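# Structural features, examined
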Amino acid sequence: MVIQLQYRAEAEVTPAELPLSKSIALRVLTLNSVAEALGLSPAGIPALPDAEDVEGMQRAREAYAAQLALLSGGAEVADPHMVHIGEGGAPLRFFTALAASTPGIDLSISTGRSLMRRPLMLLLEALREAGAEIHCERKEGYPPLRILGRRLAPESLGLNPGVSSQFVSALMMASPLWQHGLHLHFDGAAPVSAPYIAMTAEIMRRFGAEVEWDEREVRVAPGKLQPPAEYCVETDWSAASYFYELAILLPGHDIPLARLTPPDGSLQGDARCAEIFSLLGVTTTLKPDGSAVLRCDPRLLDLFRDSLHPLELDMNATPDLVPALAVGFCLAGIRFRFSGVGHLKHKETDRMLALSTELSKLGYMLDTTPDTMAWLGARCPAGDNESIATYSDHRMAMAFAPAAAKLPYIAIEDPGVVGKSFPGYWRALEGLGFEIRTFKPRGPEWLKGNK
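Keep in mind that what you see is a predicted model, and the values were worked out from it rather than measured.

### Some details on empty space enclosed by the protein
For the coordinates displayed, the defined rule picks out one cavity of 30 Å³ or more. When its volume is computed, the largest cavity comes out at roughly 410 Å³. The wall of the largest cavity is formed by 31 residues, among which Lys22, Gln166, Tyr196, Asp320 and Lys347 lie closest to the centre. Breaking the lining of the largest cavity down by element, the ones donating at least two residues are α1 (22-37), α3 (89-100), α5 (165-174), α6 (194-206) and α12 (394-400). Sort the elements by how many residues they give to the lining of the largest cavity and α1 lands first, with four residues. The class makeup of the residues in the lining of the largest cavity is seven nonpolar, twelve polar and twelve charged.

### Side note on the nonpolar core
Judged by nonpolar contacts, the single largest core of 79 residues is most densely connected at Leu5, Phe243, Phe329, Phe338, Met373 and Trp426. Examining the composition of this core, we find that ten residues originate from one element, helix α7 (residues 237-249), more than from any other. Non-local contacts of Trp426, meaning those with residues more than four positions away in its chain, are made with Ile3, Leu5, Ala397, Ala401, Ile412, Pro415, Val418 and Ile436. With 72 residues, the next largest nonpolar core counts Ala60, Leu152, Phe167 and Ala174 among its residues.

### Quick look at the pattern of salt bridges
In the structure shown here, the tally under the stated rule is 21 salt bridges. Here Arg128 ties to Glu140 by a salt bridge, and the two come within 2.5 Å at their closest N and O atoms. Placement of Arg128 in helix α4 (residues 121-129) and of Glu140 in the loop between β4 (133-136) and β5 (145-148) is noted, with a sequence separation of twelve residues between them. A salt bridge links Asp320 to Arg351; the nearest nitrogen and oxygen atoms lie 3.3 Å apart. Note that Asp320 is positioned in the loop between β13 (311-314) and α10 (322-332) and Arg351 in helix α11 (residues 351-361), a separation of 31 residues in sequence. Take Asp320: its relative accessible area is 11%, and that puts it in the buried class. Beyond isolated ion pairs, a larger network of salt bridges with shared partners links Asp320, Arg351, Asp393 and Arg395.

Rules and cut-offs
- Residues numbered from 1 in each chain as written.
- Predicted model: local features only at pLDDT ≥ 70, side-chain atom pairs only at ≥ 80, totals over all residues.
- Heavy atoms only, no water.
- 1 Å grid on protein atoms, 1.4 Å probe; cavity = no way out; pocket = protein on both sides within 12 Å on 5 of 7 lines; lining within 4 Å.
- Points joined across faces, edges and corners; volume = space filled by probe spheres on them.
- Helix = DSSP H or I, 4+ residues; strand = E, 2+ residues; numbered from the N terminus.
- Nonpolar A, V, L, I, M, F, W, Y, C, P; charged D, E, K, R; others polar.
- Core = buried A, V, L, I, M, F, W, Y, C linked by side-chain atoms within 4.5 Å.
- Buried < 20%, exposed > 50% of the residue type's maximum accessible area, 1.4 Å probe, protein only.
- Contact = heavy atoms within 4.5 Å.
- Salt bridge = Lys/Arg side-chain N within 4 Å of Asp/Glu carboxyl O.

Don't take any of this as a statement about function, it's just geometry.
Structure representation (structure tokens):
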């Protein structure tokens, strides 16, 4: 399926509804399961994100809870329970560590196709070094998995945190179940996406865990957990980045949001997007009712557009902002160079390659090295009636859609991928003046009559 988006400047605007943060929700859900394994009452969660990743984690938690109930009653798990966790890398990684750390658990985990290609081996090696029994049922280092829970008791572990912060977070959250807790050292490598590790540590502290971490190591005390009575999940700053992107593509226009967690009060590293876009003249007006309005000053934006010097940003800590920034900056005519982006290769797709390929369809040529991505003003002929491939990656779909504000239209393939984190995304864009039509392509000429 393909959708075509066109922007109607004269349309009546309604505030966009941001989803709740799935990153926070997945950590809270994981810690609730750890609490239950320790015989404690879980935290109440007033609302969860409507996201496929959260649904996959909930399916896994239900199977885990059913086996936990058997084990607590003195029975044994007779047969492994099959769980399909979907396409969520975080649910897979968090749940794998949780299940492997719970004695008596016997679960088989399957995933969607794209997740079967994403790296997992470093986490599996660390868990096996800790004493876990995990079998890869098709290819070593990849799901599907068979997990037989054990009482883990490592004195210390080493892990290279340069591939994914989720490996570190997975071990941290499972380790209150371990006999000695966790002493994880980073083998001299710098963590990528460090704000996500900081998020995990802070949420664990709010759950009563004793956690210490720095650029070299993590320590978590065993058995220390006391969940709060209630945990409220904040709005998602990764999702907000696409509306900041829209603000620089529609300078002088108000972009209203129905709710937005203040950036200085957020646990999310991606709240940095407010600061980054402010450099280009985007103001964030927070209102007493929790809503917000984004607006870009065209005069400040023009200063960057006229500059031959690229805007230099280190994106190592906030890689999920890169798709919105790269597409938005190109369409707004802002030269840039991003460093620290090499680990984008390990996301839902190789985002370095995917962004380069799809932006070339719009006439923009990126320069890339193993750890940098830049647009220095180079153009190429734009494609004729091409649609944007999304590579089973929700962030590719959401980042390219706002480009319709600068183009006659844009076509996005497989629009349903946004369900991974933001099922209401297309509805939110319609409320901001975008007209969206759905097509079933029947050949290379399918779009020509639908401009």
